[in-house]
Amino acid sequence: MSADRPPGSGDHEAVPHPDTPPRPASDAAPGTPPGGTGPARENGAAPGSDRAGEGEPTATAGPTDAHADAHADADSAVGADPAPAVAPGPELPLASAAEVEARTAEPGGIPAGLGKRLHPVTPWRRAWAPLAGLGALLVQDPERMRAAAELGVTWVLVILATVLALAALYGWLSWRVTRYLVTDTELRIRTGLLFRRSAHLRLDRIQSIDVTRPLLARALGVAKLKMDVVGSGDNDELAFLGEAEARKLRAELLARAAGISPDAAPEAGEAPATELYRVDGRTLATALALLGTGWGLVLPLALLIPLMWWGTASIFITIAVAVPILATIWRSTVGGFLTQYGWTVAESADGLRLDHGLLQRDHATVPPGRVQSVRIVEPLLWRRRGWARVELEVAGGGHEAGLLVPVADRPMCAALIGRILPEVDIDAAIASVRPSPARARWAVPVWHKGYGHGVTDTVFVARRGRLSRTHTLVPHAKVQSARITQGPWTHRLRLTDIHVEHGANGSVVARLQDAERAMTELGAQADRSRLGRRAARPERWLT
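Presented here is a report on the structure given in the accompanying data block. (Residues numbered from 1 in each chain as written. Predicted model: local features only at pLDDT ≥ 70, side-chain atom pairs only at ≥ 80, totals over all residues. Heavy atoms only, no water.)

Once that is clear, we can look at the overall build of the protein chain. Within the protein chain, the secondary structure is distributed over 16 helices and 20 strands. By the burial criterion, 39% of the 543 residues in the protein chain qualify as buried. Relative to all contacts within the protein chain whose residues are 6 or more apart in sequence, the contacts with residues 24 or more apart total 57%. For the protein chain, the computed accessible surface area is about 30,000 Å², with 60% contributed by carbon and sulfur atoms. (Helix = DSSP H or I, 4+ residues; strand = E, 2+ residues; numbered from the N terminus. Buried < 20%, exposed > 50% of the residue type's maximum accessible area, 1.4 Å probe, protein only. Contact = heavy atoms within 4.5 Å. Areas by Shrake-Rupley, 256 points an atom, 1.4 Å probe, with all protein chains shown as cover.)

Okay, structure coming up:
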């Protein structure tokens, strides 16, 4: 059973914008019937790619119209008598920028002679990949390793140098054909040596722009820009740019996305920010140690490796089993500390800014209007200290693991969430949660006590977990649909699960709720979502 989706959540039919005047018949594209319009084309987004809260896209005239006009002029000139020689008259006006672009544009959408290249160190970005692949082939086949050893050191070095030179040549050629260009409405990126790829990213649909500086990039003074765009499955990136150029370009793109004129956007600069909270290194180290996720795997790994070696007598199988476990231990301990070190949350006009990392520094921005849900995670050993972790589901994501803050006390977590959802009372939302009925123990013994559901005037709340307790808050304005599900056993126990879907392609579930109450909540949730959308704040930043 499912509730009706709120208005605006279904498929839309393209309609002309009310403020757009009808196109004159003389400007119609060839083949268009009188009084009709040509096919609408939207740059940078596929049909149906709008997410929650996004307005209906409007079709805009692009270079296609300029091409059509240019061809029409050329066709009208065919067969005409040459003009008689006349005395020099006044100079003709220069061609418009659109006409110049239409006549000189390359297939990649970037006019000839325009666009910028990436930093000169970019060709070496993946030069190591062939060497790593060659090493993996040798490690997997002992016979090849013996054959390589028989060649001698000189030939091995010659082969490695040749492979590295070919990889560097390919990287240099790829760098030569890669360019980017910022226009009034979009960011164009052209890449690919053998397979050409052109991306047109509409500025008004960019959700976030993050700056990443790995350790080696920091040493070389370069940075990577990662753009997340509505309707794009992958994050487009520019790697690498000079640090100053990357920050300047990011500020310009955000300014243009906010509606600042193209002439003033390059000089707008990055909006000032006010620091709200910085995670102390000692607190972070203690919190990661108390999680136990990484350290708890050390003993099983120490027992598993000898058993695998004894049972298989194969070093390759043993390594294949041990490496994923070692990677999990690393991410949960030392790797997590290096990534989250110096975590800083600051507030600016374009959203909450997150800076973190000891070896690799990351700079991300979270526009509050894009946040679809908030999770407050309280591991068992953190509760005595009053600590919690705040995670976000953002339309498009983009920042490290969806974290707002890796660890903070409860009052600070509530204050930071209040910057994103100012109308939400966190304490009232958590207090509204009612546990699952006692009969739920026949469906899920012991762990049923961790499930609960609550609702306030502003958010839907779901609770789960006993050892690691998690409260998930979804603003009513972000709920796209609501439904309930039952299995045969839960149907007999008069229990059901309440599901709500939000705009980040995610689902939040309140498990094992009373069936009669769930039916009432299902209808009420649809009404709350409709009312919430009417009062929702704009999705775009700097508004």
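Counting residues in hydrophobic clusters, the biggest one holds 37 residues, and the most contacted among them are Val390, Leu392, Leu404 and Leu473. Once you skip the residues sitting within four places of it in the chain, leucine 473 turns out to touch Ser373, Val374, Ile376, Val424, Ile426, Ala429, Val459, Phe460 and Val461. Membership of the second largest hydrophobic core comes to 21 residues, among which are Trp175, Tyr180, Leu187 and Leu238. (Core = buried A, V, L, I, M, F, W, Y, C linked by side-chain atoms within 4.5 Å.)

Okay, the sheet that holds strand E5 (residues 222-229) next. Spatial strand order, E6-E5-E4-E10-E9-E8-E7: seven strands in an open sheet with antiparallel pairing. Strand pairing shows two members of the sheet lacking a second neighbour, strand E6 (236-242) and strand E7 (273-278), which therefore form its edges. Here the average twist between neighbouring strands, direction ignored, is 20 degrees. Bridging between strand E4 (residues 206-213) and strand E10 (residues 361-366) involves three bridges; their strand directions are antiparallel. Bridge pairing in E10 places valine 211 opposite histidine 363. Contacts from helix H7 (residues 243-257) reach E4, E5, E6 and E10 within the one sheet, and its direction differs from that of E6 by about 135 degrees. (Pairing = 2+ DSSP bridges. Axes fitted to C-alpha atoms, helices over the stretch in contact; angles between N-to-C directions.)

An order of E18-E19-E20 is seen for the three strands of this open sheet, with the pairing classed as antiparallel. Bordering the open sheet on either side are strand E18 (479-485) and strand E20 (506-514), each of which pairs with just one other strand. Looking at each pair of strands side by side, their axes are set apart by 20 degrees on average, direction ignored. In this fold helix H16 (residues 515-534) packs onto E18, strand E19 (495-502) and E20, with an angle of close to 175 degrees to the strand it touches most, E18.

On to the packing of aromatic side chains, then. Scanning all chains against the criterion turns up two aromatic pairs. For the ring pair phenylalanine 337 and tyrosine 341, a centre distance of 5.6 Å and an interplane angle of 55 degrees mean the geometry is tilted. With a relative accessible area of 23%, phenylalanine 337 lands in the partly exposed category. Judged by centre distance (6.3 Å) and plane angle (80 degrees), the rings of tryptophan 382 and tryptophan 387 are edge-to-face. Exposure remark for tryptophan 387: the relative accessible area of 12% places this residue in the buried category. Stacked on the ring of tryptophan 175, the Lys or Arg arginine 117 has its end atom at 5.9 Å from the ring centre. (Phe/Tyr/Trp six-rings, centres within 6.5 Å; stacked < 30°, edge-to-face > 60°. Lys NZ or Arg CZ within 6 Å of the ring centre and 35° of its normal.)

A separate point is a nonpolar patch on the surface. A surface patch of nonpolar side chains, about 470 Å² in accessible area, is lined by Trp309, Ile315, Phe316, Ile319 and Val323. Per-element accounting of the nonpolar patch gives the leading share, four residues, to helix H11 (residues 315-332). Residue placement: isoleucine 315 occurs in helix H11. Overall, the relative accessible area of 43% leaves isoleucine 315 in the partly exposed class. (Patch = residues over 30% accessible without salt bridge, like charges linked within 9 Å, V, L, I, M, F, W, Y side chains within 5 Å. Salt bridge = Lys/Arg side-chain N within 4 Å of Asp/Glu carboxyl O.)

Before going further, it helps to examine helix H9 (residues 281-291). Taken residue by residue, H9 has Leu284, Ala287 and Leu288 as its buried positions. Buried residues in H9, looked at end-on, bunch into an arc of 95 degrees, giving them a common side. As for H9, its buried residues are in contact with H11, helix H12 (334-340), strand E12 (387-394) and strand E13 (403-409). The N-cap of H9, judged by a side-chain oxygen 3.1 Å from the amide nitrogen of arginine 282 a few residues on, is aspartate 280. Of the residues one or two after H9, glycine 292 is the one with positive phi, at around 75 degrees. (Arc of directions from axis to C-beta. Polar contact = N/O pair within 3.5 Å; in protein donor to acceptor, adjacent residues only side chain to side chain.)

Glancing now at the pattern of salt bridges. Taken as a whole and judged by the stated rule, the model has 18 salt bridges. In this structure, arginine 202 engages aspartate 204 in a salt bridge whose closest nitrogen and oxygen atoms are separated by 2.8 Å. Overall, the relative accessible area of 12% leaves arginine 202 in the buried class. When its relative accessible area of 32% is taken as the criterion, aspartate 204 is described as partly exposed. Among the salt bridges present, the one from glutamate 378 reaches arginine 410, with a minimum N-O distance of 2.9 Å. Here glutamate 378 is found in strand E11 (residues 371-379), whereas its partner arginine 410 is found in helix H13 (residues 410-420), with 32 residues between them in sequence. The network of salt bridges with common partners includes Arg375, Arg389, Glu391 and Glu393.

Before going further, it helps to spend a moment on the packing of helix H10 (residues 298-312) against H11. Viewed as axis vectors pointing N to C, H10 and H11 meet at an angle of 170 degrees, and their least axial separation amounts to 9 Å. Overall, the two elements H10 and H11 adopt an arrangement that is roughly antiparallel. For the pair H10 and H11, the contacting residues are Val298, Leu301, Leu304, Ile305, Met308, Trp309 and Thr312 in the first and Ile315, Ile317, Thr318, Val321, Ala322, Ile325, Leu326 and Ile329 in the second. Per-class residue counts for the contact of H10 with H11 are 13 nonpolar, two polar and no charged. (Parallel < 35°, antiparallel > 145°, perpendicular 65-115°, else oblique. Nonpolar A, V, L, I, M, F, W, Y, C, P; charged D, E, K, R; others polar.)

Moving on to unusual backbone geometry. Of the consecutive residues alanine 239 and phenylalanine 240, the connecting peptide bond is found in the cis state with omega at 10 degrees. Along the polypeptide, phenylalanine 240 turns up in strand E6. Within the chain, leucine 512 stands out as a residue other than glycine whose phi angle is a positive 55 degrees. Residue placement: leucine 512 occurs in strand E20. Residue classification places leucine 512 among the buried positions, given a relative accessible area of 1%.

Any functional reading would require information that these geometric values do not contain.
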